Amino acid sequence: MAIPGGDFSQFDISKEEKDKLVAEVIRYILFKTHQNSGCPIKREELSQLVTKNYRHRSLPAYIINQAKEKLSSIFGYELRELQRSRPSSTNQTRLSQQSGVDAKSYVIISQLPAEVYKKYVEDVNTSHMTGFTFVVISIVQLAGGKIASDNLWHHLKRMGLHETNENHPVLGNVKQALEMLVQQRYLQKDKVSGPEGATLFYELAERALEGTVSERIKQYITQIVKKDSTTEDIS
Amino acid sequence: MAVLSWKHHTLIQSLLERGPLTEKEFHSIFTAITGQNPGTHQGKFNDYLLKINRELSYVQLDLRACRDPYDGRVYYGVVNNVSDEQSKFGTKYSVPQIAFFKAIVEAIAQDATAEGCICNMDVLNIRLENQVLNSSRSQSQDGSLGIPAAFRNFTMSQKERTLDQLVKDKWLCYTEDDNIGVGVRSVLDLRGWFNNAGVPSCEVCNEAGLKAKLCPNEGCTVRIHQYCLKKIFSQKGVIVCPSCETQWEYQPPKAEPVELEDEETEPTQSQSSLRMKRKRQRVSQNDDSNTVGGSSQVDTKRVTRSSAHLR
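All of these numbers come straight from a predicted model, not from anything done at the bench.

Chemist: Quick one: what's the story with helix α4 (residues 95-109) of chain B, residue by residue and with numbers?
Modeler: Across its 15 residues, α4 of chain B extends 21 Å between first and last C-alpha, which sits within 8% of the 21 Å expected from 1.5 Å per residue. In terms of burial, α4 of chain B is largely enclosed, as 11 of its 15 residues are buried.

Following this line, the structure appears as structure tokens:
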């Protein structure tokens, strides 16, 4: 029914086989996303689904692209690619030199307009995590993209979120909630060795650094600060 | 040339993100985004669903409706049709938890009285070892009997926690009399399984008759859902068994609590505040319900249990 995107005859597989592979990749993405609560899926995992049975070298890329198109046309989900890079966190070099292999990973993001999503799609039972995510990312961003663990918890304490609290009425285990943000690649952890031993730092990771997200966060922060006529000094 | 528009996508995503929705909620979303009520524009609604399902079939998924066995309400959900390597990832439950769930569903399905539920105590006493004997593919390192340690060590508190989570996720539900019944997700997803497990179907709608009325004639195996009986009764004024021609006694069900319906389907903007409120209500009401008996408590239980979540 649909005109196949691109010419797959070069891959020597039938349309049915191609469709089957694309469907498998899409299903994998959907089920895995549910299982790991939105943590990014590595490109390797998707490629493996293809290379398991087929050896043509550029087939995985083609299939993943097809899956991207179908996810958008069937579900209205964007398959967003995140570039995982670990910039050097030492103080000497400010160059974002990528040490190690760039691993691409994917998350699915709804393409619906924000008002529509909020009204009909959003699961209110997970809004607390969204709120928490926003607050934490904002704090780290205002701190310049990187913040010492102690400092972060100092700010969270002001909202009643304590590192040792395992029974917060909304978030449950607060430390685990923060850990979730690391797994979802909004933050990454870094141990920096200093004169007084190693300090744990939280840094913004690919999901929070991604263009649209970063821009929107800045906008929202500006909105909040503008509305707030009384600002307290954060010592 | 896109086949599905953002409106179709909204319907699909709402079910994927929020889980099964009642007919009322689903219809209200449809009405809000298309400006047309499915009640009056049945054709358009069906057309939407047909288009959606044609696309979803590419990935072996299906948007379908089912009836809650206990109150007859219609629910919509997106269901997986094929059990393959990918769908095995689609769960956060561990292997023993799934075995526990399977045992519960089996016990409910095998209930000869078609009550469609089992009591809490029986659930907690379920032994997972029996699950292993039934499944043929259990290969454990212990060799011999092949009962994994995780099954043997599945504690009572783990069972309780799993039960809570299963109810929260709508695989199971609490029935009026505090028993455990199948939840909406199970009814949507496990239709094939119930048929294979030999659960007799309702004579009227041909869906699994988990919770149904049995023919008063003891030799007759006919069962019919309460809500299906209601339909026949309103059409014919009398119920006669299609198989053995015995007349059935029919009692109209308890009056539907209309106020509760409205409470449950508040406009979506105030969803979050309503649920937070209900969560708090529920916590205090659970304490009360232990000490106070009586029919008034039954009604409040229905309010707090039918759509609120445990945590």
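Chemist: Break down the sheet that holds strand β4 (residues 146-148) of chain A for me, citing the residues and quoting the values.
Modeler: All names here are of chain A. The antiparallel open sheet is built from three strands, whose spatial order is β4-β6-β5. Only two strands of the sheet have a single partner each, and these edge strands are β4 and β5 (187-194). Along the sheet, successive strands turn relative to each other by an average axial angle of 30°, direction set aside. In the packing of helix α5 (residues 127-142) onto the sheet, the strands contacted are β4, β5 and β6 (197-204), and the crossing angle to β6 comes to about 110°. Contacts from helix α7 (residues 174-183) reach β5 and β6 within the one sheet, and its direction differs from that of β5 by about 100°.

Chemist: Which residues make up the side chain of Glu24 of chain A, and what values go with them?
Modeler: Topologically, Glu24 of chain A is positioned in helix α1 (residues 15-35). Aside from chain neighbours lying at most four places away, what touches Glu24 of chain A is Leu49 of chain A together with Gln86 of chain B.

Chemist: Could you give me a rundown of helix α9 (residues 211-227) of chain A, with the residues and numbers involved?
Modeler: Residue and element names in this part refer to chain A. An ideal rise of 1.5 Å per residue puts 24 Å on 17 residues; α9 measures up with 25 Å between its terminal C-alpha atoms. Listed as buried for α9 are Ser214, Ile217 and Ile221. Taken around the axis of α9, the buried residues stretch over an arc of 60°, which confines them to a single face. Of the exposed residues in α9, the ones pointing more than 90 degrees away from its buried face are Lys226 and Lys227.

Chemist: Which residues make up the packing of helix α2 (residues 43-51) of chain A against helix α3 (residues 59-75) of chain A, and what values do they have?
Modeler: Residues and elements named next belong to chain A. Where α2 contacts α3, the axes come no closer than 9 Å and their chain directions differ by 110°. The angle between α2 and α3 places the two elements in the roughly perpendicular class. Residues Arg43, Leu46, Ser47, Val50 and Thr51 of α2 form the contact with α3, whose participating residues are Leu59, Pro60, Ala61, Ile63 and Ile64. The residue makeup of the contact of α2 with α3, split by class, is seven nonpolar, two polar and one charged.

Conventions used here
Residues numbered from 1 in each chain as written. Chains lettered and ligands numbered in written order. Predicted model: local features only at pLDDT ≥ 70, side-chain atom pairs only at ≥ 80, totals over all residues. Heavy atoms only, no water. Helix = DSSP H or I, 4+ residues; strand = E, 2+ residues; numbered from the N terminus. Expected span 1.5 Å × (residues − 1). Buried < 20%, exposed > 50% of the residue type's maximum accessible area, 1.4 Å probe, protein only. Pairing = 2+ DSSP bridges. Axes fitted to C-alpha atoms, helices over the stretch in contact; angles between N-to-C directions. Contact = heavy atoms within 4.5 Å. Arc of directions from axis to C-beta. Parallel < 35°, antiparallel > 145°, perpendicular 65-115°, else oblique. Nonpolar A, V, L, I, M, F, W, Y, C, P; charged D, E, K, R; others polar.

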